[in-house]
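Below, each chain spelled out in residue letters.
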Amino acid sequence: METTDAFAGLECVDCGATVDAAESHRCPDCGGSLDPTYDYDAIDLDRETLADRPFDSQWRYAELLPFSRESAVTTSEGATPLVDCPDLADELGVERVLIKDDGRNPTGSSTDRGASVAVTAAAEHGASDVALPSTGNGGQAVAAYAARAGLDAHAYLPSRSGFTNKAMVNVHGGDMNVVGGRFGDAVGAFEEGLDEHDDWYSLRAFDTPYRHEGAKTLFYEIAEQLEWTVPDAICYPTGAGVGIVGLAKAAAEFRELGLIDELPALYAAQASGCAPIVEALEDGRDEHEPVERPDTICGELEVPDPAASRRVLEAVRDTDGGGVATDDPDILEAAVQVAQAAGLEMIPSAAAAASGAWALAEQSAFDGDETVVIVNIGSGNKEADVLRSHLMGQGV
Ligand SMILES: [Zn+2]
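Notes on the structure follow.

Criteria and cut-off values
- Residues numbered from 1 in each chain as written.
- Predicted model: local features only at pLDDT ≥ 70, side-chain atom pairs only at ≥ 80, totals over all residues.
- Heavy atoms only, no water.
- Helix = DSSP H or I, 4+ residues; strand = E, 2+ residues; numbered from the N terminus.
- Rg over C-alpha atoms; globule rule 2.2 N^0.38 Å.
- Lys, Arg positive; Asp, Glu negative; His and termini not counted.
- Charge placed at Lys NZ, Arg CZ, Asp CG, Glu CD.
- Buried < 20%, exposed > 50% of the residue type's maximum accessible area, 1.4 Å probe, protein only.
- Axes fitted to C-alpha atoms, helices over the stretch in contact; angles between N-to-C directions.
- Parallel < 35°, antiparallel > 145°, perpendicular 65-115°, else oblique.
- Left-handed = near helix turned anticlockwise from the far one by under 90°.
- Contact = heavy atoms within 4.5 Å.
- Nonpolar A, V, L, I, M, F, W, Y, C, P; charged D, E, K, R; others polar.
- Donors = N, O, S within 2.8 Å, 3.2 Å for Na, K, Ca; no water.
- Tetrahedral: all angles 85-135°; square planar, octahedral: opposite > 155°, others 65-115°.
- Pairing = 2+ DSSP bridges.

Okay, the overall build of the protein chain next. Helix and strand counts for the protein chain stand at 14 helices and 13 strands. Scaling as 2.2 N^0.38, a compact globule of 396 residues should have a C-alpha radius of gyration of about 21 Å, and the protein chain matches this with 19 Å. The principal-axis extents of the C-alpha atoms in the protein chain amount to approximately 50 × 50 × 40 Å. For the protein chain, the distance from the average site of its 25 positive side-chain charges to the average site of its 72 negative ones is 3 Å.

Look at S76: it is not a glycine, yet its phi comes out positive at around 60°. The class of S76 is partly exposed, set by a relative accessible area of 46%. With a phi close to 55°, D320 is a non-glycine residue in the positive phi region. Note that D320 resides in the loop between helix 11 (309-318) and strand 12 (322-326). On the basis of relative accessibility, which here comes to 67%, the residue D320 falls in the exposed class.

To continue, consider the packing of helix 9 (residues 242-256) against helix 11. Direction vectors running N to C along helix 9 and helix 11 enclose 45°, while the axes themselves pass 9 Å from each other. If you check the angle between helix 9 and helix 11, you find them oblique. As for the relative orientation of helix 9 and helix 11, their crossing is left-handed in sense. Packed against helix 9, whose contacting residues are I244, V245 and A248, the element helix 11 presents R311, V312, A315 and V316 at the interface. The residue makeup of the contact of helix 9 with helix 11, split by class, is six nonpolar, no polar and one charged.

Moving on: the coordination of the zinc ion. Surrounding the zinc ion are the protein donor atoms C12 (SG), C15 (SG), C27 (SG) and C30 (SG), which sit 2.3 Å from the metal. If you look at the zinc ion, its four donor atoms make angles of 99 to 115° with each other, and the shape they trace is tetrahedral.

Of all the six residues making up strand 5 (residues 96-101), five are buried; the element is thus mostly covered by neighbouring parts of the structure. Pairing geometry for strand 5 and strand 13 (residues 371-376), over six bridges, is parallel. When the sheet's bridge partners are listed, D101 is paired in strand 13 with N376.

So, in structure tokens, the structure goes:
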């Protein structure tokens, strides 16, 4: 397996065991999820070096990823714009609001970042087939990268996933399994499939160490795009927690390398109909309690039993951030407001971060001089029907 110079191997986040990178998934000792580790002293990366590189893909940060740009399965994901939204800043009563528009990724979502790194790992490990349960975007992204790598992809999506996600898994040549019910049912069907096929390589979030690893690059870009000032707050729509775990690790790494001085406050934004992280924060717990009857229009956020909740809660607490949950009508309204005030297109799940920022402002979480980044995890035209039907409900 070809890896980058500073990549040291894997570490179990549960028991702390050091695990060789040849291990592809969970900790052989305790079954915990694994995290890539690096010898940071061996990484020679400064602001000038980065400034000299084209802003063209997440692989410009390859020193901080396990695999080289040459071996990467990539379609130039990442390098998405950070768009100033002055009207939204006025509305929120803060200095600046910027939307990190990750909907402009190859398959229209942030999951492309982790899918690229994780499919690269699968190819390096000699996999023939990759498989995952997904709320939607992850399935589409993995199908795309598997296709590029010449691997077969098996995606399990709940029937309620968006049409675009399901259609594009097929278009990429993936094996699309639509499972009746909700995400938990898709997970069950995926686990049965995995049991039946010894040669399937799991790309389920946190089964593979590499999806949350790929998610790191979103923060690297934000720091660089803000010319090395750290935003006061980042609102991130949170389902399984891949994104926010990646953000927290990336911020800690940039601080370790001396590229930034502070950490941004990370806010996990959820929908009230499925908010296990926010509820755990409110109750002061270290772990979530599964949501028994999840129900939200935000399909990407309908993850009632997020396996990595401990890490998400740690990320939020370690950065003095928080959690915020808002109702579906407010979330849809926020998507429309962003579309009309800023001209940007968010899927409803992403708009939970905008709606969450509004709610935080109402709770006086901001003083007025903050820079707030809202992450758009998915392109609005994936779910234009849902956004449009909200307008219809208003009689437009
Ligand atoms: Zn372990």
